[in-house]
Structure formats: structure tokens, C-alpha cells
Amino acid sequence: MTTPWSRRGFLAASTGTAVALGLPAQPSTAAPLSAAPAAEADEFATLRAKWRALILGEGFSPTAEPFKSRLTELGTTAAQWQSAMAPTSGSLWPDLVYADPEPDTDQESYGYSGNLNSSYNRLNTLAQAYCQQGTGLTGDTALRSAILTGLDHLHSEVYNAGQTRYGNWYSWQIGAPQALLDVCVLMYDSLSATQIANYVAAVDHFVPDSAVASYSGTSTGANRVDLCRVLALRGIVGANSAKVALARDALSPVFPYVTSGDGLYADGSFVQHTTVPYTGSYGSVLLGGLGMLFALLAGSTWQVTDANRQIVFDAVENAWAPFLYNGLVMDGVSGRAVSRGVSATDAKQIQQNDHLRGHPILASIVLLGQSASATENARWRGLVKGWIQRDYYSPPMSDPSLGLTGLARLQGVVDDTTVTAVAEPTGHRLFTGMARATHRRPGWAASISMADRRITYYETGNGENLRGWHTGSGMLYWWGDTYANGQYSDAFWPTVDPYRLPGTTASRKVLADAAGGDWGASLPDVNWVGGATDGQRAAIGQYLKGLQSTLMAKKSWFCLDDSIVCLGAGIKCTDGTAVESIVDNRNLGPTGSHTFTVDGTGYSAAYPWSGTFTGAGWAHIGGMGGYVFPGGATFNAVRDSRDGKWSDINKGGSTTVVNRKYLTLYVDHGTNPVNGTYAYLLLPGATAAQTQARAAATGWLTVLANTDDQQGVTVPSLGFTGVNFWFGGTVGDLVASDPCCVMISERSDGTAVICVSDPMRMRTSLTLTWNRAVSAVLSKPSTVTSATTGSSLRLTFGDLSGTAGATQKITVRLG
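Quick notes on the rules
Residues numbered from 1 in each chain as written. Predicted model: local features only at pLDDT ≥ 70, side-chain atom pairs only at ≥ 80, totals over all residues. Heavy atoms only, no water. Helix = DSSP H or I, 4+ residues; strand = E, 2+ residues; numbered from the N terminus. Rg over C-alpha atoms; globule rule 2.2 N^0.38 Å. Buried < 20%, exposed > 50% of the residue type's maximum accessible area, 1.4 Å probe, protein only. Contact = heavy atoms within 4.5 Å. Areas by Shrake-Rupley, 256 points an atom, 1.4 Å probe, with all protein chains shown as cover. Lys, Arg positive; Asp, Glu negative; His and termini not counted. Charge placed at Lys NZ, Arg CZ, Asp CG, Glu CD. Phe/Tyr/Trp six-rings, centres within 6.5 Å; stacked < 30°, edge-to-face > 60°. Lys NZ or Arg CZ within 6 Å of the ring centre and 35° of its normal. Axes fitted to C-alpha atoms, helices over the stretch in contact; angles between N-to-C directions. Parallel < 35°, antiparallel > 145°, perpendicular 65-115°, else oblique. Left-handed = near helix turned anticlockwise from the far one by under 90°. Nonpolar A, V, L, I, M, F, W, Y, C, P; charged D, E, K, R; others polar. Expected span 1.5 Å × (residues − 1). Salt bridge = Lys/Arg side-chain N within 4 Å of Asp/Glu carboxyl O. Pairing = 2+ DSSP bridges. Patch = residues over 30% accessible without salt bridge, like charges linked within 9 Å, V, L, I, M, F, W, Y side chains within 5 Å. Polar contact = N/O pair within 3.5 Å; in protein donor to acceptor, adjacent residues only side chain to side chain. Core = buried A, V, L, I, M, F, W, Y, C linked by side-chain atoms within 4.5 Å.

**Describing the overall build of the protein**
Counting its secondary structure elements, the protein contains 18 helices and 33 strands. Its C-alpha atoms give the protein a radius of gyration of 28 Å, within 12% of the compact-globule value 28 Å for 815 residues. Along the first, second and third principal axes, the C-alpha set of the protein runs to 90 × 60 × 50 Å. Split into buried and exposed, the 815 residues of the protein put 60% on the buried side. A sequence separation of at least 24 residues applies to 70% of the contacts in the protein between residues at least 6 apart. For the protein, the accessible area works out to roughly 28,100 Å², and carbon and sulfur atoms hold 51% of it. Where the 56 positive side-chain charges of the protein centre and where its 63 negative ones centre are 4 Å apart.

Below you can see the structure in the form of C-alpha cells.
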């Protein structure tokens, strides 16, 4: 196993900036820092050396690609910013004015505080260009002077112990101090004792010990890890052992599983901002931050030894891996970050997307592996290698936004011949803690996003994700193994019709930007959201109430081996507008020439085009997949060419107009529907012939119920039965006394697995009868208080309200 700190890299970094770069030492005017005892001072020097390696990267050749080009680019960017630096009252750069004429916490003040943050980040870029080899500015004395001038200017003007913060708290407590302290580590040998004292005093002012005194508010989850990073580096830069110890100890509340609010859940959920699934964004920050802090403090006086840190290691495969596919991280767990496509201030116009959000997570997993067991580390490197190899859409080693450190970590895995790539896992995962599900099969993967009284419809805030209103209304995402990986990556969010998100049921009622309120404030007043799974298949349901709408619906998904059966019932609304259920909305890219076939007849590839199909049995989109409508259905199809701007959905986004072609299939329930329904099968990757064959096999699927009271299906060839009991009743061979979810898999060995859950989290008792001969109960959870076998199986459950909607599995022998 490779060690995180090579002797050569460690010695080079620990001897200081000039020596590490092979440059003549600079004459220093800095006063000696002798406050700490010699041994402790040596340990702080060791930790500074570690942090240098963590933020600069190691183990890569500056003359090899992709590093050579990236280093050149770093030098070019730094030269431009160095040239543009113009210290004056209120700004360090003319385009980053931080002086707020009316300091408060409104949107305008957020902008000014953001400019402060950006100013420190630019100084950090300059410092990296100075310290990295191969930038063209390595060890440049003029650049060194510019960095020191910038640090002193920002300190004297704004980031000092006498300043009151304004705008966004994040800029003052996390963004700016992280960048400042990184620069202090990189430029440590060039800073005087007075400068260091001033800078750490400013950090102490804005990030006092009280910032981590309580695990609440803005000091939870990823934010807490960020704050601990600030405190740890403040302690290391300022030679303060107590600060480093505080940072270490303040990490401990992050580790344990939570049952509500922010943090990691036992089922693999990760929530931030109390109500928002955030594995792919804040979760990425948490994973990366913990990896860095574990590595930094390893072997030191302040090593993280809390046994609960194993929960974080377990979460790599329990929480993050299920949402990673071919290098991307699924948008359903990235919150408002999906709206951060192209920034208005990004000269390179790099579009952020699910792949570019996924790659840093891969790099973080590699880093975290250095602190995990050898077995875990080896397995994770295999997973990462697989994701790297399969990301054909956006190869990680060509990621323009992945930093040198991340690239170096991934390159190390690519080059490691002892690592064998691990294939994408198959199976189903249900995350009741955040109303999400993932279904992974050979050749494709899917995810479902829902909302309930604990999980918000969507998150907006800071002027971001202004039209994500319906992303929690049953949005069904899916990707193929070698196709459609750009479905949500290629300018999807600014160009898609936000009222027609795939899989959702929504009213066409016009909603205002940011409708429902910031930071996930708006929650539907529903309890029945969840399902049951045996780990391979699943029955999932969502009682849907529309955002700022009278819409109500019951939505079900039955996740099977090669398909997902989608049912909708009880669809009603009095908004005075049309209500639609979106079978799919495929982003066909800039050209959109994919074929479209319904019942064997091909239709126009022109734009715009639309058609209504009555009694249709199946449809197919070339290169994507098929759709089967059991018993026939009426649906609409639309080809449209849609313009959009990132600034439409994110106030900081680019105003450049982009265009993408879409093919949308939807069921029109009409205006003010009373009892609308739909039923269809999604067949990812199926050919037209396979889709037609499934439609012709009328006995393959039986819809047992599709009403406002129950929804259920059976697939005899799979031994599968799934029923969502919105109310108690009888569906096929199943009788439930109360609302619940039931999924049964009958096996070829004469056994069956019965999966039952209480999605409402309210049942104190439940009786389930399966009118099927059962000779014995082979296993059951403690929640089953009695089980009667014979010509039928009768299961009595005790209190299920404390199970958090988790699946209760019972294995029986068929009689």
C-alpha cells in the first residue's frame, strides 16, 4: 500500500518554500516564532509540511500530462491576476469590490462578502503558482511581493479583528479563512511573526471557539468539517495546540448516525440544511474535508481516534457509492448545485455538471482510503478505477475543473497495476432518510426523488436553483452504461421545461422563481413516502401534494430486473390548469435526430413536432430505450428546441443563450382532473424489437390495482408481487389491515421473501395476510409478533413507528 507521505515529498516540504523548490533562500525579515516549545514547534512544522502536500499534490511529474498543461494554465491565470491586482480602498481587484456601503445580510451584501472570499481565493491561486513547479512563476520574487501585499491589504481593510461581518456568514467563517490559512502555510517562510499574529487574530475573531460549541445551526455536517479545518489550520499556523485539539474534538459530533436533520443516516442518507438530500454536494465537501483532516493529523499528537470515524469509512460504500455511476454523481442528491452550470464570471465557460461534481468525490475516496484499513483502501481504489475507466462522457483525467491534487490522486489509481477495476454494482437501495432510491441493473441505473414532511420539494437559496420546484415530485432519472450519460449534464437544467421533469406529475400552474422559500423551507404535508426492497427489487410509493398547488396524486414505482413499472392514480387538482404526468423528457443534445417509433410506425424528426396517440401499446426512442403501456394508453409526444440561460435558474449564471433538443412523452390529465391515472413500463436500453416484444407479452405483467386506495402489480415469471396500500384492503392475494408497502419475491428453491414497511412511520400494529400456502417461517424480525402458517400466511406486526420506514424481511417456505 502506498503511503500518503513519501519521504522525499515530506522532506522537501518541511524544509520551507525556497528549499523545496530548489531556489536560493530568500533573506527573511521575519521575527522568530519561538512561542511553542522546540518539540511542539517541530510538530507544527511537520503538520505544515503535510498540509502543503495535501493542497499542492504530490507524486506527479510536472512535465507529464495532464499536469504540465494544468501547471502552465495555473501560471497563466496567476499572471493575469497578478497584473490586474490594484490595491485600493474597498478592493484588491477592481472586479471584486468587497466594501459594502450598506452592510447587512441582503442579497447585495452577499455579493460583497463573496468578493472578499474570491479575493482570498485568488491570493491562494497566486501562492500555488509561486510554490508549484512548472508554472512559469515558480519562486518569482515579484509574485511573492504581490501575495504579501495582498494579504496585508485585505487584513488592514476588511478581514481583521475589528471588522463586523456582513453578507454571507460562510464567506467570513469558512471561505475566506480557509484560503487565508492555506496561503499562510504556503508562504510561511516569507511571513513575519507580526503578520501571522494579525492573520490568526482575524480568524479568531470571525471563527471563535464558540463556532463549534454547539452542534446546531450552521455548525453541522459539512459546515462543521469546514469549520474544524479552519480551527486546525489556525492552530498549526499560529502554533496553538489547544486550537488543533479543539478542531479534532469538534469533529466527533459529525460521525454518529442521526435520525433527523443534518448528517449521515444508518440507511445511507446524507442530509444538510435540515431537509435537503445532499450526498453529491455538501456530502462531497464533508468527505473531502474529513479525508484531508484525517490525513493531516494522522500520527500526530492530535490524531483522530474517535471510534465512530468508522461510520465515515462505512459510508463510502453505504452512502456515496450508490449515487456514483460512470464517474457522475446523481443530481437528485446535489440540491441547488445542479443550477451551477456556467458562471457569469467564468472566462473559460466550463459547464459544471454531474460528472464534474462526481470526480472530486472519487479523488476524496482515494484520499480517505489512506486512513482506512488496507482492505477498504484496496476495494475503494478498485471502485474508483472502474468509475474512471467507464466515464466515457467526461473522462476524469481531462476534467478542466479538477485540481492538481485530485488529478494526482486519480492518476495514482490509473497507474497502479495492482488495482483491478470493479464493475458497477447491481441492486436496489432505498434511502428513507432522504426520500430517495437508486436502482442499478446490468447496463443501466436509475434514481427516484421524492418529498415528504421531512424532505423538501427542492432547495433554492442565494439566488440558485430558482426553478427546481418539481424535482421532488417523483423525478425519475436514468442512465445507460455506454449511452445517455450526458442526459442531465449537457445544459439540461437551463433548457428543460421545469414543469415537465421526467417521471413527475405536476400542475401547469405558473410558479414564481424560488417559490416555496429558501433553504428547503417548503415541505409537503404527507407521510406516505417510501417503500420496501429485498436489495434487488423494490416497491416504492409517493403520496404527492404539489408545491403551492391543489394537486394530489398517488405515484408508485416497481423496480424490476430490466424495467421499472410506473403507476399513477387518484390524480386530482383544482388549479384551473392542466395536469401532466411526464413519461420521459429526453435531452437529445444540440441536434436531436433520434428516431421515435410508436407501435412500429416511425414519426417525424423535425422540430417543432407533436402528436397525440390513442390506444398506444408501446413507444421507442432510438439509442435510448422503450416504453410499454399495459392495455394501451393515450399520450402526447413533443419534439421541441428549447432556449435557456444558466442565469434563468441561477442569478450568478451565464447570460449566454444555449439550445437543446428534447423529446417529451407525457400523459395529459386535462384541466382540473378528478381521478387521473397512468401506467407504463420504462425499459432503459431496450431496442424497438425488445420493446415491441414486451408489449406483445400481455401476460408478463398484471396490474392488480391502480386506484387512490392501492396500487400493485405482479410479474409471475419473476415471482414478483408489489403492492402499495395507501389504505388497508385487499389486492390480489394480499390483505392488509392498514397502510403499508409489501413486496414479495418467490424463489425457485421453494422459498419466498416478504418485505414489509411502514412508510408513514405511524403504525403501532399491522396485520398482513397472504393467501398463499406457506409451510414454515424461516426467519422474521422482532417486529413480527406472530406468524400463522397453513393455507395462508398471517403476519402480525407490533409497533413499526420506530423503524424509520425500513424494510422488515420475512423468509418463508412455500407449502
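**Quick notes on the packing of aromatic side chains**
For the structure shown, the criterion picks out 32 aromatic pairs. Centre to centre, the rings of F313 and W380 are 6.3 Å apart; their planes meet at 50 degrees, and the pair counts as tilted. Here F313 is found in helix α12 (residues 309-320), whereas its partner W380 is found in helix α14 (residues 374-390), with 67 residues between them in sequence. Each of the two residues, F313 as well as W380, counts as buried. Here the aromatic rings of Y603 and W609 are separated by 6.1 Å at their centres, their planes lie at 40 degrees, and the arrangement is tilted. The rings of Y477, W479, Y488, F492, W493 and Y662 are connected pair by pair, giving a single aromatic cluster. Its end group placed over the ring of Y188, R48 keeps NZ or CZ at 3.6 Å from the ring centre. Above the face of the W700 ring, R694 is positioned so that its terminal group lies 3.7 Å from the ring centre.

**Notes on the packing of helix α5 (residues 107-131) against helix α7 (residues 169-186)**
The interhelical angle for the contact between α5 and α7, taken along N-to-C directions, is 15 degrees, at an axis separation of 9 Å. Between α5 and α7, the angle falls in the class roughly parallel. Between α5 and α7 lies a crossing whose hand is left-handed. Across the interface between the two elements, S113, G114, L116, N117, Y120, N121, L123, N124, A127, Q128 and C131 of α5 pack against Y170, S171, W172, G175, A176, A179, L180, D182, V183 and L186 of α7. Its residues assigned to classes, the contact of α5 with α7 comprises 12 nonpolar, eight polar and one charged.

**Looking at α12**
With 12 residues, α12 should reach 16 Å at 1.5 Å per residue; the first-to-last C-alpha distance of 16 Å fits that figure. Among the residues of α12, R309, I311, V312, F313, A315, V316, A319 and W320 are the ones counted as buried. The elements touched by buried residues of α12 are β1 (263-264), α11 (282-297), β4 (324-325), α13 (354-369) and α14.

**Brief notes about the pattern of salt bridges**
What the rule picks out here adds up to 29 salt bridges. Residue D204 pairs with R234 through a salt bridge whose shortest N-O separation is 2.6 Å. Remark: R234 occurs in helix α9 (residues 221-237) and D204 occurs in helix α8 (residues 193-206); sequence separation between them is 30 residues. Overall, D204 belongs to the partly exposed group, its relative accessible area being 24%. On the basis of relative accessibility, which here comes to 7%, the residue R234 falls in the buried class. Salt-bridge contacts for D490 lead to R660; the nearest nitrogen and oxygen are separated by 2.8 Å. One end of the pair, D490, is in the loop between β9 (475-480) and α16 (492-495); the other, R660, is in strand β20 (residues 658-671), and 170 residues separate them in sequence. D490 gets classed as buried once you look at its relative accessible area, which sits at 17%.

**Quick look at the sheet that holds strand β31 (residues 784-788)**
Strand order in this open sheet of five strands is β25-β26-β29-β32-β31, and the pairing throughout is antiparallel. Of all the strands in the sheet, just β25 (729-731) and β31 have a single pairing partner and so form its edges. Strand-to-strand twist across the sheet, computed as the mean angle between neighbouring axes with direction ignored, equals 15 degrees. Relative to strand β26 (residues 734-736), β25 runs antiparallel, the two sharing three bridges. Directly across from V731, in β26, lies its bridge partner L734.

**A look at a negative patch on the surface**
Together, E102, D104, D106 and E108 make up a region of like negative charge exposed at the surface. Residue placement: D106 occurs in the loop between α4 (67-84) and α5.

**Let's talk about the pairing of β20**
Along any regular strand the residues' side chains alternate between the sheet's two faces. Of the pairings in the sheet, the one linking strand β15 (residues 578-587) to β20 comprises nine bridges and is antiparallel in character. Bridged to N585 within β20 is T664. Judged from the nine bridges that link them, strand β19 (residues 625-644) and β20 form a sheet pairing that is antiparallel. Across the sheet, the residue bridging to G644 is V658, located in β20.

**Structural notes on the environment of D106**
Under the relative-accessibility criterion, D106 is labelled partly exposed at 31%. C-alpha of D106 to C-alpha of Y166: the two residues are 60 residues apart in sequence and 8.9 Å apart in space. Only 2.8 Å separates the side chain of D106 from the backbone nitrogen of S109, close enough to count as a polar contact.

**Considering the environment of G75**
Relative to the helices and strands, G75 resides in helix α4. It is 8.1 Å that separates the C-alpha atoms of G75 and G134, two residues lying 59 residues apart in sequence. Excluding residues that lie within four positions of it along the chain, G75 makes contacts with T135 and L137.

**Examining the side chain of S281**
Within the secondary structure layout, S281 lies in the loop between β3 (276-277) and α11. Given the relative accessible area of 12%, S281 is considered buried. Not counting chain neighbours up to four residues away, the residues in contact with S281 comprise V333, S334, A337 and R340.

**Examining the sheet that holds strand β23 (residues 710-715)**
If you trace the seven strands from one edge of the open sheet to the other, you get β22-β23-β24-β27-β28-β33-β30, paired in antiparallel fashion. Each having just a single partner strand, β22 (702-706) and β30 (774-779) make up the two edges of the open sheet. On average, adjacent strands in this sheet sit at an angle of 15 degrees to one another, irrespective of strand direction. Examined bridge by bridge, β22 and β23 share four bridges and lie antiparallel to one another. When the bridges of β23 are listed, T702 appears paired with T714.

**Description of the nonpolar core**
Counting 192 residues, the largest nonpolar core has Y120, L123, L151, Y159, W493, F596 and F635 as its most contacted members. Setting aside its immediate chain neighbours within four residues, Y120 contacts L151, L154, H155, Y159, A176, A179 and L180.

**Observations concerning α13**
The first and last C-alpha atoms of α13 sit 23 Å apart over 16 residues, in line with the 22 Å expected at 1.5 Å per residue. The element α13 is largely enclosed, with a buried count of 15 among its 16 residues.

**Structural notes on unusual backbone geometry**
The omega torsion of the bond from E65 to P66 falls at 5 degrees, within 30 degrees of zero and hence cis. Tracing the backbone shows P66 in the loop between α3 (38-56) and α4. With an omega of -10 degrees, the peptide bond running from Y607 to P608 counts as cis. Relative to the elements of secondary structure, P608 occurs in the loop between β17 (601-603) and β18 (609-621). In this structure, N462 is a non-glycine residue whose phi angle is positive, near 55 degrees.

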